[in-house]
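Here is what each chain is made of, one letter per residue.
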Amino acid sequence: RGGAKMEAGVCSNFLTSVEPGDEVLFKLESAPSFHHPLDPSCPIIFICTGTGFAPIRGLLQKRLYLQSRGEKLGPAFLIFGSRSSSE
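A quick note: this is a predicted structure, and the numbers were derived from the prediction, not measured.

About the cut-offs
Residues numbered from 1 in each chain as written. Predicted model: local features only at pLDDT ≥ 70, side-chain atom pairs only at ≥ 80, totals over all residues. Heavy atoms only, no water. Helix = DSSP H or I, 4+ residues; strand = E, 2+ residues; numbered from the N terminus. Areas by Shrake-Rupley, 256 points an atom, 1.4 Å probe, with all protein chains shown as cover. Expected span 1.5 Å × (residues − 1). Contact = heavy atoms within 4.5 Å. Buried < 20%, exposed > 50% of the residue type's maximum accessible area, 1.4 Å probe, protein only. Lys, Arg positive; Asp, Glu negative; His and termini not counted. Salt bridge = Lys/Arg side-chain N within 4 Å of Asp/Glu carboxyl O. Polar contact = N/O pair within 3.5 Å; in protein donor to acceptor, adjacent residues only side chain to side chain. Core = buried A, V, L, I, M, F, W, Y, C linked by side-chain atoms within 4.5 Å.

Asks: Teacher, can you tell me more about the overall build of the chain here?
Replies: If you tally the helices and strands in the chain, you get two helices and two strands. The order of helices and strands in the chain, counted from the N terminus, is α-β-α-β. Accessible surface, the chain: about 7,500 Å² in total, of which carbon and sulfur atoms supply 58%.

The structure is reproduced here in structure tokens:
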């Protein structure tokens, strides 16, 4: 975001306050349509709409892994949006 202000994700920030032995309630939800393309040579557009970068980060990490194995990757584009023009 270009400034000196350090920002933390909502979940990550919460987890820094958890002590060993604390009970943390959570819910896992499946998103079967949220995955890397089956053919890594296909073009891919990542859209990050200001609600968190973590899911996109996971997909980018998979691309790095595929690239390290010599896979031919298609072009990738990242579109990032924030909640307001001040962010």
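Asks: Any chance you could explain helix α2 (residues 54-68) here in plain terms?
Replies: Because an α-helix packs 3.6 residues into every turn, residues spaced three or four apart end up facing the same way. Its 15 residues place the ends of α2 21 Å apart at the C-alpha level, agreeing with the 21 Å of an ideal helix rising 1.5 Å per residue. Buried residues belonging to α2 abut β1 (44-48) and β2 (76-80). Gly70 lies just past α2 and shows a positive phi near 90°.

Asks: Would you take a moment to explain the side chain of Arg63 for this structure?
Replies: Within the secondary structure, Arg63 is located in helix α2. Within the buried set, Arg63 has no salt-bridge partner at all; the shortest N-O distance to an opposite charge, 9.4 Å, is to Asp39. Engagement of the side chain of Arg63 in a polar contact is seen with the backbone oxygen of Gly74, the distance being 2.9 Å. Residues in contact with Arg63, not counting those within four places in the same chain, are His36, Pro40, Ile44, Phe46, Leu73, Gly74, Pro75 and Ala76.

Asks: Mind showing me how you'd approach the nonpolar core here?
Replies: The biggest cluster of nonpolar side chains holds five residues, and these are Ile44, Phe46, Cys48, Ile56 and Leu59. Looking at this core, the elements that each hand over two or more residues are β1 and α2. Tallying contributions element by element places β1 first for this core, with three residues. When sequence neighbours within four positions are dropped, the list of residues in contact with Ile44 reads Pro37, Arg63, Pro75, Ala76 and Phe77.

Asks: Can you help me understand the environment of Phe53 in this one?
Replies: Secondary-structure assignment places Phe53 in the loop between β1 and α2. Residue classification places Phe53 among the partly exposed positions, given a relative accessible area of 33%. The spacing of Phe53 and Phe80 is 27 residues in sequence and 9.0 Å in space, taken between C-alpha atoms. Setting aside chain neighbours within four positions, we find Phe53 in contact with Cys48, Leu60 and Leu78.

Asks: Help me understand the pattern of salt bridges in this model?
Replies: Side chains that carry opposite charge are capable of pairing whenever their charged atoms lie near each other. Throughout the structure, instances matching the rule amount to one salt bridge. Between Glu29 and Lys27 there is a salt bridge; the shortest N-O distance is 3.3 Å. Lys27 gets classed as exposed once you look at its relative accessible area, which sits at 65%.

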